[in-house]
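Reading the structure
Listed below are the residues making up each chain.
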Amino acid sequence: LDLHTFKPEEIAELVQDYLDACVERGITAVRIIHGKGKGTLRRTVHAALARRSDVFEYKLAPPERGGWGATLVTLRR
């Protein structure tokens, strides 16, 4: 999910809807691209992830997958 084209106020709900769709389809590994910038979108994404019981873990991506501009998410089955 690339968040670059969305407004900051849309992010929290968008992430929830995206993860709901992933769970529904049995997708357990996703990458959310929030960009590097000042970290505002990253903090919003991480706060949204922290509120979900179906998120097993999340972490910043390695350099080859976006580094601190992307977050890798593992969802519970």
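These remarks concern the structure in this document. (Residues numbered from 1 in each chain as written. Predicted model: local features only at pLDDT ≥ 70, side-chain atom pairs only at ≥ 80, totals over all residues. Heavy atoms only, no water.)

**Concerning the overall build of the chain**
We count it as follows: The way it works is that DSSP assigns letters per residue, a run of H or I at least four long becomes a helix, a run of E at least two long becomes a strand, and they are numbered from the N terminus. All radius of gyration figures rest on C-alpha atoms, and the globule criterion is 2.2 Å times the number of residues raised to 0.38. The buried label applies to any residue whose accessible area, calculated with a 1.4 Å probe on protein chains only, is under 20% of its type's maximum; exposed applies above 50%, and partly exposed to all values in between. Positive charges come from Lys and Arg, negative ones from Asp and Glu, while His and the chain ends are left out of the count. Every charge is mapped onto a representative atom, which is NZ of Lys, CZ of Arg, CG of Asp or CD of Glu.
The number of helices and strands found in the chain is two helices and three strands. Counting from the amino terminus, the chain carries its helices and strands in the arrangement α-β-α-β-β. Since a compact globule built from 77 residues should have a radius of gyration of about 11 Å, the 11 Å found for the chain is in line with a globular shape. Oriented by its inertia axes, the alpha-carbon framework of the chain measures out at about 30 × 30 × 20 Å. Burial analysis of the chain (77 residues in total) assigns 38% to the buried set. If you average the places of the 13 positive and of the 10 negative side-chain charges in the chain, the two averages end up 7 Å apart.

**Points about helix α2 (residues 40–50)**
Rules: Our arc is simply the arc of the directions from the helix axis toward the C-beta atoms. For this analysis, residues touch if any pair of their heavy atoms sits within 4.5 Å.
Taken residue by residue, α2 has Leu41, Val45, His46, Ala48 and Leu49 as its buried positions. Projection of α2 onto a plane perpendicular to its axis shows the buried side chains occupying an angular sector of 160 degrees, all on one side. Elements that come into contact with the buried residues of α2 comprise α1 (11–25), β1 (29–33), β2 (55–60) and β3 (70–75).

**Here's the deal with the nonpolar core**
So the rule is basically this: To form a nonpolar core, buried Ala, Val, Leu, Ile, Met, Phe, Trp, Tyr and Cys residues must be joined to one another through side-chain atoms within 4.5 Å.
One finds Leu3, Val15, Leu19, Ile32, Val45, Leu49 and Val73 to be the most contacted residues of the largest nonpolar core, which totals 15 residues. Of all elements in the fold, only α1, β1, α2 and β3 reach the threshold of two or more residues within this core. The leading source of residues in this core is α1, at five residues. Excluding residues within four positions of it along the chain, valine 45 makes contact with Leu3, Ile11, Val15, Ile32 and His34.

**Examining the packing of α1 against α2**
Stated precisely, the cut-off is as follows: All axes are obtained by fitting lines to C-alpha atoms, using only the stretch in contact for helices, and the reported angles, taken between N-to-C directions, cover 0 to 180 degrees. Should an angle fall under 35 degrees it is called roughly parallel, over 145 degrees roughly antiparallel, and 65 to 115 degrees roughly perpendicular, with every other angle called oblique. Note on convention: the crossing is left-handed when the near helix lies turned anticlockwise from the far helix by less than a right angle, right-handed when the turn is clockwise. Gly counts as polar in this scheme, as do all residues outside two lists: the nonpolar Ala, Val, Leu, Ile, Met, Phe, Trp, Tyr, Cys and Pro, and the charged Asp, Glu, Lys and Arg.
Close contact between α1 and α2 brings their axes to 9 Å; oriented N to C, the two are set at 45 degrees. When the axes of α1 and α2 are compared, the pair comes out oblique. The way α1 lies across α2 gives a crossing that is right-handed. Across the interface between the two elements, Ile11, Ala12, Val15, Gln16 and Leu19 from α1 touch Leu41, Thr44, Val45, Ala48 and Leu49 from α2. By residue class, the composition of the contact of α1 with α2 is eight nonpolar, two polar and no charged.

**Observations concerning the pattern of salt bridges**
Charged atoms that come close allow side chains of opposite charge to pair. So the rule is basically this: For this analysis, a salt bridge means a side-chain nitrogen from Lys or Arg found within 4 Å of a carboxyl oxygen belonging to Asp or Glu.
Enumeration over the complete set of coordinates arrives at two salt bridges. Across the salt bridge formed by aspartate 20 and arginine 52, the nearest N and O atoms sit 2.9 Å from each other. Here arginine 52 lies in the loop between α2 and β2 and aspartate 20 lies in helix α1, a separation of 32 residues in the sequence. For aspartate 20, a relative accessible area of 41% gives the class partly exposed. Using a relative accessible area of 12% as the deciding quantity, one classes arginine 52 as buried. A salt bridge links arginine 52 to aspartate 54, with the nearest nitrogen and oxygen atoms 2.7 Å apart. Overlapping salt bridges, with partners in common, bring together Asp20, Arg52 and Asp54 in one network.

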